[in-house]
Amino acid sequence: MKQAKDYKRIVVLTGAGVSAESGLKTFRDNNGLWENHRVEDVATPEAYARNPELVQKFYNARRSQLLTAAQPNKAHTALGEFEQHFSGEFLLVTQNVDNLHELGGSKNLIHMHGELLKARCPVSEKVSDCTKDLTDQSLCECCTPPNLLRPHIVWFGEMPLAMDTIEQALCECDLFVSIGTSGNVYPAAGFVELAASYGATTVELNLDASANSRAFDTSLQGPASELVPLFFA
Ligand code: BV8
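What you see as residue numbers is a count from 1 along each chain, following the sequence as written. With pLDDT at 70 or above as the cut-off, local features in this predicted model cover only qualifying residues; side-chain atom pairs require 80 or more to be listed or tallied, and sums for whole chains, interfaces and linings still use all residues. The basis for the side-chain values is all heavy atoms of the structure; hydrogens and waters are excluded.

As recorded in an unreviewed UniProt entry, the chain goes by NAD-dependent protein deacylase and comes from Saccharophagus degradans. UniProt positions are given in the numbering used here, feature names are shortened, and annotations may be inferred rather than shown by experiment. The UniProt entry for the chain carries the following text under Subcellular location (unreviewed entry): "Cytoplasm". Entered under Sequence similarities (unreviewed entry) in the UniProt record, the comment concerning the chain runs "Belongs to the sirtuin family. Class III subfamily."

What follows is the structure, encoded as structure tokens:
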């Protein structure tokens, strides 16, 4: 089987599985529940409008766990090192909202579902760093009167970020690799078909079979910390 270095224009998509070995829960862990709430019911603009305290608590808990307990694992660092030495084009698109790809050395990186360590003004859309709990006292500095800051997260029903850039890269790549995602969430789960329709080779590296494993030319099962350093050697 060819390796990543045998290609010229690579797009990688990662999901929660790439951070699982860093101790961050995936969405399908405990059947996608958080404190008995379905994630899909907490990660929505409606939930935030209905019960902002609950939604802020959900993100505050994940933000502090990320800041206090999580470190990049061998999958993150293998992707960072590969990008550094690769002479072709490389884009990493992550569905994850953690910062472990940055800590693992990745540079050309798009967080299509936002970032846990950022907050956003709902009026000006201005994004700022956020390493503390967001509360009903967290106000923006860009507006008068100031607005309540929200997590810089793309919720279900909201448009993912940088979709034009991502779709352009998917149409031009010769290799698309999906790592650690269950293939349940769109539009990310549809990237493999788009890349394949433009002739890219498609590879899935995942612990288990995913909802769209059949769409890939090759689907390898195992932990990302083992499969990623081998394929991106
Ligand atoms: C959009 C931020 C359109 C939040 C996330 C009905 C109503 C509204 C929308 C929809 C609907 N029906 C469908 C939709 C579309 C919806 C969707 O797909 N819903 C699903 C549930 C059916 N999508 C959206 O709403 C998207 N927006 O469609 O907008 C639009 C168009 C025009 C104008 C406006 C809007 C937005 C989706 C973004 C939601 N936000 N994240 C947060 O993080 O709190 S999604 C969330 O799920 C995370 O980003 C996560 O990454 C993502 C996907 O989950 P996975 O990463 O795959 O994680 P999961 O646990 O599922 O799987 C982990 C995998 O890892 C497993 O396969 C496991 O085997 C593997 N694994 C585990 N350990 C390891 C491992 N692999 C390797 N090694 C290991 N060690």
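Novice: With reference to specific residues and values, describe the packing of aromatic side chains.
Specialist: Each Phe, Tyr or Trp ring, with Trp reduced to its six-membered ring, pairs with another whose centre is within 6.5 Å; inter-plane angles below 30 degrees give stacked pairs, above 60 give edge-to-face pairs, and intermediate values give tilted ones. Tallied over the entire structure, the rule returns eight aromatic pairs. Consider the rings of Phe 82 and Phe 232, whose centres lie 5.2 Å apart with planes at 80°: the pair is edge-to-face. With a gap of 150 residues between them, Phe 82 in helix H4 (residues 74-85) and Phe 232 in the segment after helix H8 (224-231) connect regions that are remote in the sequence. For the pair formed by Phe 82 and Phe 232, the shared burial category is buried. Between Phe 231 and Phe 232, the aromatic rings sit 5.4 Å apart at their centres with planes inclined by 85°, giving edge-to-face as the arrangement. Elements are defined by DSSP. Helices are runs of H or I of four residues or more, strands are runs of E of two residues or more, and each kind is numbered from the N terminus. Between buried and exposed lies partly exposed: a residue is buried under 20% and exposed over 50% of the maximum accessible area for its type, with that area taken using a 1.4 Å probe on protein chains only.

Novice: Let's hear about the UniProt feature "active site" (unreviewed entry) in the chain: which residues, and what values?
Specialist: Within the UniProt annotation, "active site" (unreviewed entry) is assigned to His 113. If we ignore the near neighbours within four places in the chain, the residues touching His 113 are Thr 94, Gln 95, Val 97, Ile 153, Val 154, Pro 160 and Val 185. In protein, a polar contact requires one atom able to donate a hydrogen and another able to accept it; more generally it is a pair of N or O atoms within 3.5 Å, and residues adjacent in sequence count only if both atoms are side-chain atoms. Of the polar contacts made by the side chain of His 113, one reaches the backbone oxygen of Gln 95; its length is 3.2 Å. The contact criterion used throughout is that any non-hydrogen atoms of two residues lie within 4.5 Å.

Novice: A description of the sheet that holds strand E6 (residues 114-120) should follow, citing residues and the corresponding values.
Specialist: The three strands are arranged E7-E6-E8 in an open sheet whose pairing can be described as antiparallel. Only two strands of the sheet have a single partner each, and these edge strands are strand E7 (127-129) and strand E8 (150-153). Ignoring strand direction, the axes of neighbouring strands in this sheet form an average angle of 55°. At least two bridges found by DSSP between two strands are what make those strands a pair. Here E6 pairs with E8 via three bridges, running antiparallel. Bridge pairing in E8 links Arg 120 to Arg 150. Angles shown run from 0 to 180 degrees and are taken between the N-to-C directions of axes, each axis being a line fitted to C-alpha atoms and, for helices, limited to the stretch in contact. Of the strands in this sheet, E6 and E8 touch helix H3 (residues 52-69), which is tilted by about 120° from E6.

Novice: Now, about the UniProt feature "binding site: substrate" (unreviewed entry) in the chain: what can you tell me, with residues and values included?
Specialist: Listed under "binding site: substrate" (unreviewed entry) in the UniProt record, and renumbered for this structure, are Tyr 59 and Arg 62. For Tyr 59, the position within the fold is in helix H3. Owing to a relative accessible area of 2%, Tyr 59 belongs among the buried residues under this scheme. Once you skip the residues sitting within four places of it in the chain, Tyr 59 turns out to touch Ala 43, Leu 116, Pro 151, Ile 153 and Trp 155. Residue contacts for Arg 62: discarding those within four places in its chain leaves Phe 27, Val 97 and Leu 116.

Novice: Break down the state of the cysteines for me, citing the residues and quoting the values.
Specialist: When two cysteine sulfur atoms are found within 2.5 Å, that pair is recorded as a disulfide. Scanning all chains against the criterion turns up zero disulfides. With no disulfide of its own, Cys 121 lies closest to Cys 142 among cysteine sulfurs, the gap being 3.7 Å. Free cysteine: Cys 130, not disulfide-bonded; nearest cysteine sulfur from Cys 140 at 13 Å.

Novice: Mind laying out H4, listing which residues take part and the relevant values?
Specialist: Multiply 1.5 Å by the residue count of a helix minus one, and that product is the helix's expected span. Taking 1.5 Å per residue, 12 residues should reach 16 Å; H4 reaches 16 Å between its end C-alpha atoms and fits that length. Within H4, burial applies to Ala 75, His 76, Ala 78, Leu 79, Gly 80, Phe 82 and Glu 83. You can read the cap of H4 off the contacts: a side-chain oxygen lies 2.7 Å from the backbone nitrogen of Ala 75, and it is on Asn 73.

Novice: Summarise the packing of H4 against H8; cite the residues concerned and give the values.
Specialist: Helices that pack against each other are described as a pair by the angle of their axes relative to one another and the distance between those axes. One way to put it is that H4 packs onto H8 with a least axis distance of 8 Å and a crossing angle of 15°. It follows that H4 is roughly parallel to H8 by the angle criterion. The handedness of the crossing between H4 and H8 is left-handed. Here H4 contributes Lys 74, Ala 75, Ala 78 and Leu 79 to the contact with H8, which in turn contributes Ala 224, Ser 225, Val 228 and Pro 229. As a working rule, the residues Ala, Val, Leu, Ile, Met, Phe, Trp, Tyr, Cys and Pro are called nonpolar, Asp, Glu, Lys and Arg charged, and the rest polar, with Gly in that last group. The class makeup of the residues in the contact of H4 with H8 is six nonpolar, one polar and one charged. Here the angle decides the label: under 35 degrees means roughly parallel, over 145 means roughly antiparallel, 65 to 115 means roughly perpendicular, and every other value means oblique. Should the near helix be turned counterclockwise from the far one by less than a right angle, the crossing is left-handed, whereas a clockwise turn marks it as right-handed.

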